[in-house]
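A look at the structure
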Amino acid sequence: MTTSTTGVPTAARPTTVAARATDLSKVYGQGETQVVALDNVSVDFRQAEFTAIMGPSGSGKSTLMHCIAGLDSISSGSARIGDTELTSLKDKALTQLRRDKIGFIFQAFNLLPTLNGLENITLPMDIAGRKPDKEWLDKVVRTVGLADRLKHRPTELSGGQQQRVAVARALASKPEIIFADEPTGNLDSRSGAEVLGFLRNSVRELGQTVVMVTHDPVAASYADRVIFLADGRIVDEVYGPTADSVLDRMKQFEAKGRTS
Ligand code: ADP
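Figured I'd write up the structure that's included with this text. Note that the structure is predicted; figures quoted are calculated from it, not measured.

Here's the deal with the overall build of the protein
Within the protein, the regular secondary structure consists of eight helices and eleven strands. Taken against the 2.2 N^0.38 rule, which gives 18 Å for 260 residues, the C-alpha radius of gyration of the protein at 18 Å falls within 12% of a compact globule. Its C-alpha atoms give the protein principal-axis dimensions of roughly 55 × 45 × 40 Å. In the protein, buried positions account for 47% of the 260 residues. Put simply, 70% of the contacts in the protein that link residues at least 6 apart link residues at least 24 apart. Looking at the protein as shown, the accessible area adds up to about 12700 Å², and 49% of this sits on carbon and sulfur atoms.

This is the structure:
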């Protein structure tokens, strides 16, 4: 971390760490074609906190998310989910960890068209042979406002409702952490606002930890904090962001980029 942290005093922040990167570097390719996508990144994602990751295209946002979520290998340093060091895991254990401890939400909703809403929500648990906790499932369905849509197939739902099914699917197994990659990228602004509101509710009401990659300052303003990446490094962090304060930071980085 090279610059200031603004907003909430340290003592007021939750302290249990759901995921952590320490001196994490990721290098693609070799020799002249080598790209340093992440350069010694250290960051904590605390439990029950909603973090947005922002930065220009190519700054390393997706790479950071993929490395911490165990979807991509790391070149050096460490990545941890809860107490588990990802580099210590073999493929099978890593797959299991992703299945049991991590929820994913992508820009494309990735729902199965032949299954109804509820079946889509419980599908990952069905595949894993786990029984959903009924009380929890009811709570999740209420939190994302889907109680009267559970029998509908994806084609009978709007884009926003489909993404809410995907949010519920990610929440259903009570994962340690949810990673969302541009979750509102395919939605109009009203549906996007709804999905973001429900994601925020899942943090406030269910204590879920959420990390979201976005390029949209309005989306980022739903988070508790925003970290900014540039050239594979974390260059700033803001607590209690507003769309205006995020936009302001982005302009500063662009201006710095032009003068350096
Ligand atoms: P962002 O998500 O912020 O747009 P990325 O994490 O996708 O950025 O990419 C960071 C850098 O790493 C970019 O320079 C990109 O071209 C490079 N990169 C990402 N994935 C690969 C890959 N599989 N092979 C080679 N270079 C990659």
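Still more ground to cover, so stick around.
Topic: the nonpolar core
Phe50 and Ile121 are the most contacted members of the largest nonpolar core, which totals 42 residues. When sequence neighbours within four positions are dropped, the list of residues in contact with Phe50 reads Leu196, Leu199, Arg200, Val203, Val210, Met212, Tyr222, Ala223, Asp224 and Arg225. Among the nonpolar cores identified, the runner-up in size contains 29 residues, and Ala19, Leu38, Phe45 and Ile81 belong to it.

Let's talk about the site of the ligand
The full set of residues close to the ligand is Tyr28, Val35, Ala37, Pro56, Ser57, Gly58, Ser59, Gly60, Lys61, Ser62 and Thr63. Between the ligand and Thr63, the relevant distance is 2.5 Å, taken from an oxygen atom to a side-chain nitrogen or oxygen of the residue. Contact with the protein chains covers 58% of the free accessible surface of the ligand, which is 560 Å². For the shell around the ligand, the secondary-structure elements that each account for two or more residues are strand S3 (35-46) and helix H1 (61-68). The leading source of residues in the shell around the ligand is H1, at three residues. Within the shell around the ligand, the residues separate by chemical class into four nonpolar, six polar and one charged.

Focus on helix H4 (residues 134-143)
For H4, the set of buried residues is Trp136, Leu137, Val140, Val141 and Thr143. Along the long axis of H4, the arc covered by the buried residues comes to 160°, so they all point the same way. Of the exposed residues in H4, those oriented more than 90 degrees away from the buried face are Lys134, Glu135 and Arg142. Where H4 is buried, its residues meet helix H3 (117-128), helix H5 (159-172) and helix H6 (189-206). Two to three positions downstream of the cap, the backbone nitrogen of Glu135 sits 3.1 Å from a side-chain oxygen, assigning the N-cap of H4 to Asp133. Residue Gly145 follows H4 closely and has a positive phi angle near 65°.

As for the packing of aromatic side chains
Within this structure, the stated rule accounts for two aromatic pairs. Judged by centre distance (5.9 Å) and plane angle (10°), the rings of Phe104 and Phe106 are stacked. Members of the aromatic cluster, each reached through a chain of ring pairs, are Phe104, Phe106 and Phe179. Here Lys174 stacks its cationic end above the ring of Trp136, 5.0 Å away from the centre of that ring.

Details of the sheet that holds S3
Spatial ordering of the open sheet is given by S3-S2-S5-S6, a layout of four strands whose pairing is antiparallel. Pairing within the sheet leaves two strands with one partner each, and these edge strands are S3 and strand S6 (84-85). Inspection of the sheet shows strand S5 (residues 76-81) paired to S6 by two bridges, in the antiparallel sense. Along S6, the bridge assignment pairs Ile81 with Thr84.

Remarks on the environment of Tyr239
Tracing the backbone shows Tyr239 in strand S11 (residues 233-239). Counting along the chain gives 155 residues from Tyr239 to Thr84, while the straight-line C-alpha distance between them is 27 Å.

Analysis parameters
- Residues numbered from 1 in each chain as written.
- Predicted model: local features only at pLDDT ≥ 70, side-chain atom pairs only at ≥ 80, totals over all residues.
- Heavy atoms only, no water.
- Helix = DSSP H or I, 4+ residues; strand = E, 2+ residues; numbered from the N terminus.
- Rg over C-alpha atoms; globule rule 2.2 N^0.38 Å.
- Buried < 20%, exposed > 50% of the residue type's maximum accessible area, 1.4 Å probe, protein only.
- Contact = heavy atoms within 4.5 Å.
- Areas by Shrake-Rupley, 256 points an atom, 1.4 Å probe, with all protein chains shown as cover.
- Core = buried A, V, L, I, M, F, W, Y, C linked by side-chain atoms within 4.5 Å.
- Near = heavy atom within 4 Å.
- Polar contact = N/O pair within 3.5 Å; in protein donor to acceptor, adjacent residues only side chain to side chain.
- Nonpolar A, V, L, I, M, F, W, Y, C, P; charged D, E, K, R; others polar.
- Arc of directions from axis to C-beta.
- Phe/Tyr/Trp six-rings, centres within 6.5 Å; stacked < 30°, edge-to-face > 60°.
- Lys NZ or Arg CZ within 6 Å of the ring centre and 35° of its normal.
- Pairing = 2+ DSSP bridges.

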